[in-house]
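# Structural characterization, general
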Amino acid sequence: MSDFPVFPPGFVFGAATASYQIEGAADEDGRGPSIWDTYSHTPGKTDGGDTGDVACDHYHRYPEDVALLRDLGVDSYRFSIAWSRIQPAGSGAVNAKGLDFYSRLVDELLEAGIEPAATLYHWDLPQALEDKGGWRVRETAERFGEYTAIMAEHLGDRVPRWITLNEPWCSAFLGYSVGRHAPGAKEGRGALAAAHHLLVGHGHAMTALRAAGVREAGITLNLDRNVPATESDADLAAVVRADTQHNLVWTEPILAGRYPVTEEETWGELITAQDFRREGDLELISQPMDFLGINYYRPIVVAAAPHREADPALRVATDNRYSEGEYRGVRKTAMNWPVVPESFTDLLTALKQTYGDALPPVHITENGSAEFDTVDADGSVHDADRVEYLRTHLTALRAAMDAGVDVRGYYVWSLLDNFEWALGYAKRFGIIRVDYDTLERTPKDSYRWYQELIAAHRK
């Protein structure tokens, strides 16, 4: 046990995946198209033109993957549900075969002694709803509440932990402002409206989950630790804008029931109209949660910069007069992300300091790294850099807990190498290697290390 960070009894060890990244079976059993089907099939949008049509073929191979989870020894498995597999058009008729798949998956997990944790939305919006405006419009948030009620009715008796949204920052800003994720839009007001309607959708989903009596319900945010490039007034002001866009746009409404006081400084004329907000929204959004999910990978160095787009009418929501700088003197992952474990501790302790008792118990719902794995002639897979990343970040997590942050669980990202969104299959985050030609699964050294850590806590 001395070789591992030590966690208290009852701490949840898990692994995580997402539907479009692993399931495949894109046009089987009544599944409708999602925005990621459309985006990935658009030439030039993903590296190598890769799509999630097959991915890891988890739809057909889930018993094998659950067996690997069982052997790993995890307490919980976090998966996401493909909305368009349940409602192909995003509303209306329910696809029984889609429900049956997730029901079989949940039963398989329970039979293996693994607690299911379901994410309702991990970025794969039904294309039919995007055609009607997507997250830019309130109707999508309302439809999300209806879809949540369907899933809670069918799985709420067997799934104890529910996550409404995964990383709404990516959905709103990478999807509707940067254009690097589906649906690939580059907008100002549209992205801010999407951010708000994602929060409204979270509120409707929480209402539905409460009505169904589920045991635990919350949201997952990818909060960033933004570090100033220098201590200059300009760089410090840029960090405030970065914190607003990356963090406060979510945490202030959800945890404090208010909008960020720095939003006008950050977005200027894009936010002043606020015509997408309605009376009562904050009360809906800020309903008490049983936990907050946090995804963490790396810190961001922020420096002041001019607007990239001189014309205010053409500015997108992410053009906020700052740029990402270089974090020097540390190792970088295959994503070129700096490895700074202590910033993980800093992020969590700062969140506790800011929100105090309003911060619910925390689950780390994603943490891991893409690395350049080595495959031996005998097929064994070595990933020492990933092992070290996990060891140091779990140690940093333990330090945050020692400092008073109530963290209840940790989910490694990811169980499997998978479709890494716009990067296609070029980056591997899994603790299990997937051969994309044969779909053979091979546990890596990191799988064995995590297995041993979990086993040490069972003694």
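These remarks concern the structure in this document. (Residues numbered from 1 in each chain as written. Predicted model: local features only at pLDDT ≥ 70, side-chain atom pairs only at ≥ 80, totals over all residues. Heavy atoms only, no water.)

## Observations regarding the overall build of the protein chain
Spelled out, the test is: Starting at the N terminus, helices and strands are each numbered in turn, a helix being any DSSP run of H or I of at least four residues and a strand any DSSP run of E of at least two. Taken over C-alpha atoms, the radius of gyration is set against a globule rule of 2.2 Å times the number of residues to the power 0.38. The buried label applies to any residue whose accessible area, calculated with a 1.4 Å probe on protein chains only, is under 20% of its type's maximum; exposed applies above 50%, and partly exposed to all values in between. Any two residues whose heavy atoms approach within 4.5 Å at even a single point are treated as in contact. Reported accessibility uses the Shrake-Rupley method at a 1.4 Å probe radius. Residues are deemed covered only where the shown protein chains occlude them. Asp and Glu are treated as the negative residues and Lys and Arg as the positive ones, with His and the ends of the chain left uncounted. Just so you know, the charge point we use is NZ for Lys, CZ for Arg, CG for Asp and CD for Glu.
Secondary structure assignment for the protein chain yields 16 helices and 15 strands. Relative to the compact-globule value of 23 Å for 459 residues, the protein chain shows a C-alpha radius of gyration of 21 Å, a close match. Seen through its C-alpha atoms, the protein chain measures out along the principal axes to roughly 60 × 55 × 45 Å. Here the protein chain holds 459 residues, and 61% of them are scored as buried. For the protein chain, long-range pairs separated by at least 24 residues make up 76% of all intrachain contacts whose partners lie at least 6 apart in sequence. As displayed, the protein chain offers around 16800 Å² of accessible surface, 49% of which is attributable to carbon and sulfur atoms. If the 44 positive side-chain charges of the protein chain are averaged to one point and the 70 negative ones to another, these points end up 1 Å apart.

## A closer look at the side chain of Q127
Formally: Any N or O atom pair separated by 3.5 Å or less is treated as a polar contact, with the protein-specific requirement of one donor-capable and one acceptor-capable atom, and with residues adjacent in sequence counted only for side-chain atom pairs.
Among the structural elements, Q127 can be located in helix α6 (residues 127-130). In this structure the side chain of Q127 is engaged in a polar contact, spanning 2.8 Å, whose partner is the side chain of D131.

## So, helix α5 (residues 96-111)
As a reminder of what qualifies: By this rule, a helix spans an expected 1.5 Å times one less than how many residues it contains.
A rise of 1.5 Å per residue sets the reference length of α5, with its 16 residues, at 22 Å; its end C-alpha atoms lie 22 Å apart and thus fit the reference within 8%. For α5, the complete set of buried residues consists of G98, L99, F101, Y102, S103, L105, V106 and L109. On its buried face, α5 is in contact with α1 (19-22), α3 (58-72), β2 (76-80), α4 (83-86), β3 (115-121) and α7 (138-155). Trailing α5 by a residue or two, G113 shows a phi angle of about 80°, which is positive.

## Notes on the packing of aromatic side chains
What counts, and what does not: Working definition: rings of Phe, Tyr and Trp (its six-membered ring) pair if their centres are within 6.5 Å, and the pair is stacked with planes under 30 degrees apart, edge-to-face with planes over 60 apart, and tilted otherwise.
Scanning the entire structure with this criterion turns up 35 aromatic pairs. For the ring pair F13 and Y450, a centre distance of 6.4 Å and an interplane angle of 80° mean the geometry is edge-to-face. Here F13 is found in strand β1 (residues 12-16), whereas its partner Y450 is found in helix α16 (residues 445-458), with 437 residues between them in sequence. Each member of the pair, F13 together with Y450, is buried. Residues W337 and F429 carry aromatic rings whose centres are separated by 6.2 Å and whose planes lie at 55° to one another, so their mutual orientation is tilted. One end of the pair, W337, is in the loop between β9 (322-324) and α14 (341-355); the other, F429, is in the loop between β13 (407-413) and β14 (432-434), and 92 residues separate them in sequence.

## Comments concerning the pattern of salt bridges
Going by this rule: Salt bridges are defined as contacts in which a side-chain nitrogen from Lys or Arg sits within 4 Å of a carboxyl oxygen from Asp or Glu.
Inspection of the entire model under this criterion finds 36 salt bridges. Note that E139 and R143 form a salt bridge whose closest N and O atoms lie 3.3 Å from each other. Within this pair, E139 and its partner R143 are both found in helix α7, separated by 4 residues, close to a single helical turn. Sharing partners across several salt bridges, the network here consists of D373, D383, R386, D417, R428 and K444.

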